[in-house]
Amino acid sequence: MTITFEPPVAVYSAERTNGKKISDFNDIIGLKETFRADAVSGFGPERKITSESYTGVIEARNPTAQYAAYVKVHSKWPGIYPDLLGGFSTDWAERTMDDGATAHELEDERNWQMVLSSTVASTGDKFQLRVKIDKVIASNYKNQSTLDVLEAFCASNLDN
Amino acid sequence: MGSFNTPTPVYSAVRPFKNEIDAFDTFDGIADTLMANTTMGLKKKEWSSLSLKGVKHVINPDYEDVGDVTILSTPKKSDAGFPTSSRTNFPLIFGSVNNQFLERNLDDGYTAVEDTDKRAWSYKFNIESAAGDDCFLQITNKKAVLSSYNLPATLQTVNTWCNTIPAMDNDITA
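Computed from a prediction, not measured in an experiment: that's the story for all the values here.

A. Up close: the overall build of chain A. Counting its secondary structure elements, chain A contains four helices and seven strands. Going residue by residue from the N terminus, the α and β elements of chain A occur as β-α-β-β-α-α-β-β-β-β-α. Radius of gyration (C-alpha) of chain A: 21 Å, far over the 15 Å computed for a compact globule of 160 residues. For the C-alpha atoms alone, the extent of chain A along its principal axes is close to 80 × 40 × 25 Å.

And the structure:
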């Protein structure tokens, strides 16, 4: 008997630039509930947030505006990230260094991302959607029609 | 007919410390000791780079690791002089990420714990020996590295100086 491979299975990935960069932390966090509650895109009932990662960088300067240090905050817990990052404020810099010391976020260094996972209900095709500040990456799907579903979801929620 | 001239060897050597330097003041003080040194007869002692890094884990009241804070100070060479501001402020800033800071910004019971494996303190000086050997001496919290030197005598000179610093307690191995 000849043993041979089964027909190959293709798995796709595609990238989409957000119409507008996500600048409000509540917007990216809110997307989790939007995803879970979505009733129009045709996602399957099981919807997971399979990973979250939030990073922000604060630059601290002393009263003569000399560079002092970078403070990098990273958390997988959205519930504490804003309070933790926000704790490194000018108040903190003045208390820690001297009056007049400042701290401000380097917004270009922000890296917020989460992975939404589910299926397309009509086909059962699994997918993952990695949401970042400036783009989303759809991956692990097998039906090209899944991308149309994800495109509609992103157009409704990420281009405002 | 052209030919290469006599090749010039360029060496580097590492002096690992038997024990990592735990106290920032001790580490920082070595730089001052080097700058003040006259016994080596160095013609040049200029700072080339400085990088101070520390990481603290944030632990919630349920003892879960919920985040980390990295403090990194890497002043630019264009700053005038050996960067006093960064050397002074790094321990203050790092030390301020403490339990009080977390309790003030999060809730009672949050704690901050340093990840000492991620501690990385380093400065590098461009030095020139009395014999004109232009090279670099890097000192970290774990080792000293002499690089880009041409003369074995330069290593001997630096090694002798290192032997006078208690925190640098192993011989350089080429």
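Let us keep going from here.
B. Local environment of a negative patch on the surface. Together, Asp83(A), Glu103(B), Asp107(B) and Asp108(B) give the surface a local cluster of negative charge. With respect to the secondary-structure elements, Asp107(B) resides in the loop between helix H3 (99–105) and strand S4 (111–114). A relative accessible area of 49% means that Asp107(B) is categorised as partly exposed.

C. Quick peek at the interface of chain A and chain B. The interface of chain A with chain B comprises 23 residues on the first partner and 28 residues on the second. Surface buried jointly by chain A and chain B totals about 2000 Å² across both partners, of which 60% is contributed by carbon and sulfur atoms. When the area that chain A buries against chain B is broken down by residue, the three leading residues are Tyr67(A), Trp77(A) and Leu84(A), summing to 25%. Taken together, the connections running from chain A to chain B amount to zero salt bridges. Where chain A meets chain B, there are nine residue pairs in polar contact (both at pLDDT 80 or more).

D. Quick look at the pattern of salt bridges. All names here are of chain A. Counted by the stated rule, this structure contains 15 salt bridges over all chains. The partner of Glu105 in a salt bridge is Arg110, with the nearest N and O atoms 2.8 Å apart. Using a relative accessible area of 21% as the deciding quantity, one classes Glu105 as partly exposed. For Arg110, a relative accessible area of 17% puts it in the buried group. Several salt bridges converge on common partners, so that one network encompasses Arg16, Glu151 and Asp159.

E. The nonpolar core, seen in detail. Judged by nonpolar contacts, the single largest core of 84 residues is most densely connected at Leu129(A), Val131(A), Ile139(B) and Trp161(B). Ranked by residue count, the leading element in this core is helix H1 (residues 24–36) of chain B, at five residues. With sequence-adjacent residues up to four places away left out, Leu129(A) is seen in contact with Met114(A), Val115(A), Leu116(A), Val136(A), Ile137(A), Ala138(A), Leu150(A), Phe153(A) and Cys154(A).

F. Structural detail: the pairing of strand S7 (residues 135–141) of chain A. Residues and elements named next belong to chain A. As paired elements, strand S1 (residues 12–17) and S7 share six bridges and run antiparallel to each other. In the strand pairing of S7, Tyr12 is matched with Tyr141. With four bridges connecting them, strand S6 (residues 125–132) and S7 associate as antiparallel partners. Along S7, the bridge assignment pairs Arg130 with Ile137. Hairpin connection between S6 and S7: a loop of two residues separates the two successive antiparallel strands.

G. Just the environment of Ile139(B), in detail. All names here are of chain B. With respect to the secondary-structure elements, Ile139 resides in strand S6 (residues 134–140). Residue classification places Ile139 among the buried residues on the basis of a relative accessible area of 0%. Sequence-wise, Ile139 and Phe24 are 115 residues apart; in three dimensions their C-alpha atoms are separated by 13 Å. If we skip the residues at most four places from it in the chain, Ile139 touches Phe17, Phe27, Ile30, Trp121, Ser122, Tyr123, Ala144, Trp161 and Met168.

Rules and cut-offs
- Residues numbered from 1 in each chain as written.
- Chains lettered and ligands numbered in written order.
- Predicted model: local features only at pLDDT ≥ 70, side-chain atom pairs only at ≥ 80, totals over all residues.
- Heavy atoms only, no water.
- Helix = DSSP H or I, 4+ residues; strand = E, 2+ residues; numbered from the N terminus.
- Rg over C-alpha atoms; globule rule 2.2 N^0.38 Å.
- Patch = residues over 30% accessible without salt bridge, like charges linked within 9 Å, V, L, I, M, F, W, Y side chains within 5 Å.
- Areas by Shrake-Rupley, 256 points an atom, 1.4 Å probe, with all protein chains shown as cover.
- Salt bridge = Lys/Arg side-chain N within 4 Å of Asp/Glu carboxyl O.
- Lys, Arg positive; Asp, Glu negative; His and termini not counted.
- Charge placed at Lys NZ, Arg CZ, Asp CG, Glu CD.
- Buried < 20%, exposed > 50% of the residue type's maximum accessible area, 1.4 Å probe, protein only.
- Contact = heavy atoms within 4.5 Å.
- Buried area = accessible area lost by both parts, 1.4 Å probe.
- Polar contact = N/O pair within 3.5 Å; in protein donor to acceptor, adjacent residues only side chain to side chain.
- Core = buried A, V, L, I, M, F, W, Y, C linked by side-chain atoms within 4.5 Å.
- Pairing = 2+ DSSP bridges.

Coordinates in, geometry out; function isn't part of it.
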